[in-house]
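# Examination of the molecular architecture
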Amino acid sequence: MDSLSVSKLNRLYWLGRYYERLSTTLSYLWDWYDVMIDGEIDYPDFCRKLSIDCCYKDDKDFMHNYVFDKNNPDSLRTVADAMLGNGMVLREIIGSRTLAYLELAVMGMKSAEESDSPTLPLQRVIDFIMAFRGSYDDMIDDENVRNIIKCAAGVERLSLYLRLGWHLDLVKSEIGKLMKRMNRTSLQPSHASLQVLLSAQNPETPEERKKLLDAAENLFVV
């Protein structure tokens, strides 16, 4: 494995976490646009689960500002900008063609904000991120680099599933994939967190979810 500076390793890791946070959270919120037509969404509970400030006036304010407000540190637009910022610094590692999909994803966020019907352009954002995943998997020769990004995305996906109580049936599978990818990287996991994840029990209970969440978030220090 080629050696990576601490700075580049950190940026690769957070590139993976940010793109997965954007994609998975958009997928989670997708149905809420339809729910808002005839009902209410429980955005205060969503904010509580993600431990973010519930600073929104109503459903529409949440769906607009949580997704699009670039001045909101918790917003998905802020996540998208951080994702692209890391990608631009890593251009020489991930390649310009792969970076272009991140640029298109951010452009898609801007297009969705200006649209009266944001669901289609937001779907394109998810599509561009999927294309980014395929591109880096195909275009980056360094297995260490590829798997650092994948490990970070796996940690983020696991974190969101556990926080939101969503796709809990996939948690053990996600842990298994994370373990396999971790062994192909230069990342050094926390032994204590690793043992908790390897002995994962039924994540349906809040206590087990909290234990697994803490382990996932503290698995790597980068």
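Every residue gets a number counted from 1 within its own chain, in the order that chain's sequence is written. For this predicted model, a pLDDT threshold of at least 70 governs which residues receive local features, and a threshold of 80 or more governs which side-chain atom pairs are given and counted, while totals over whole chains, interfaces and linings are taken from all residues. To get the side-chain values, take all heavy atoms of the structure and skip hydrogens and water.

### Considerations on helix H12 (residues 206–217)
Here H12 contains twelve residues, and its C-alpha end-to-end distance of 16 Å stays within 8% of the 16 Å for a straight helix at 1.5 Å per residue. Considered for burial, the residues of H12 that qualify are Glu208, Arg209, Leu212, Leu213, Ala215 and Ala216. Angularly, the buried residues of H12 cover 165° about the axis, an arc narrow enough to put them on a single face. Across from the buried face of H12, at angles greater than 90 degrees, the exposed residues are Pro206 and Glu207. Labels follow the DSSP assignment, with helices taken as runs of H or I lasting at least four residues and strands as runs of E lasting at least two, numbered in each case from the N terminus. Expected helix span is computed as 1.5 Å times (number of residues minus one). Think of it in three bands: with a 1.4 Å probe and only protein chains considered, a residue is buried below 20% of the maximum accessible area for its type, exposed above 50%, and partly exposed in between. Working note: the arc is built from the helix axis to C-beta atom directions.

### Here's the deal with the packing of helix H11 (residues 191–198) against H12
Orientation is described by lines fitted to C-alpha atoms, with helices fitted over the stretch in contact, and by angles between N-to-C directions that extend from 0 to 180 degrees. The N-to-C vectors of H11 and H12 enclose an angle of 140°; their axes lie 8 Å apart at closest approach. With respect to their mutual orientation, H11 and H12 come out oblique. Between H11 and H12 the crossing geometry is left-handed. Residue-level contacts link Ser193, Val196 and Leu197 of H11 to Lys211, Leu212, Ala215 and Ala216 of H12. A class-by-class count of the residues in the contact of H11 with H12 yields five nonpolar, one polar and one charged. We call two directions roughly parallel when the angle between them is under 35 degrees, roughly antiparallel when it is over 145, roughly perpendicular when it lies between 65 and 115, and oblique otherwise. Two helices that cross are described as forming a left-handed crossing if the nearer one is turned anticlockwise from the farther one by less than a right angle, and a right-handed crossing if clockwise. When checking whether two residues touch, look at their non-hydrogen atoms; a contact exists if any pair is within 4.5 Å. Gly counts as polar in this scheme, as do all residues outside two lists: the nonpolar Ala, Val, Leu, Ile, Met, Phe, Trp, Tyr, Cys and Pro, and the charged Asp, Glu, Lys and Arg.

### A short note on the packing of aromatic side chains
Pairing of aromatic side chains requires ring centres within 6.5 Å, counting the rings of Phe and Tyr and the six-membered ring of Trp. Pairs whose planes differ by under 30 degrees are stacked, by over 60 edge-to-face, and all others tilted. If you walk through the whole model with that rule in mind, you get 18 aromatic pairs. Aromatic pair Tyr19 and Phe132: ring centres 5.3 Å apart, planes at 75°, arrangement edge-to-face. Placement of Tyr19 in helix H1 (residues 6–29) and of Phe132 in helix H8 (residues 119–139) is noted, with a sequence separation of 113 residues between them. Classification of Phe132 as buried rests on a relative accessible area of 0%. Arranged with centres 6.0 Å apart and planes meeting at 45°, the rings of Trp32 and Phe62 form a pair that is tilted. In this pair, Trp32 sits in helix H2 (residues 32–38) while Phe62 sits in helix H4 (residues 59–68), placing the two residues 30 residues apart along the sequence. Note on Trp32: relative accessible area 13%, which makes it buried. What links up through ring pairs into an aromatic cluster is the set Tyr28, Trp32, Tyr43, Phe46, Tyr56, Phe62, Tyr66, Tyr161 and Trp166.

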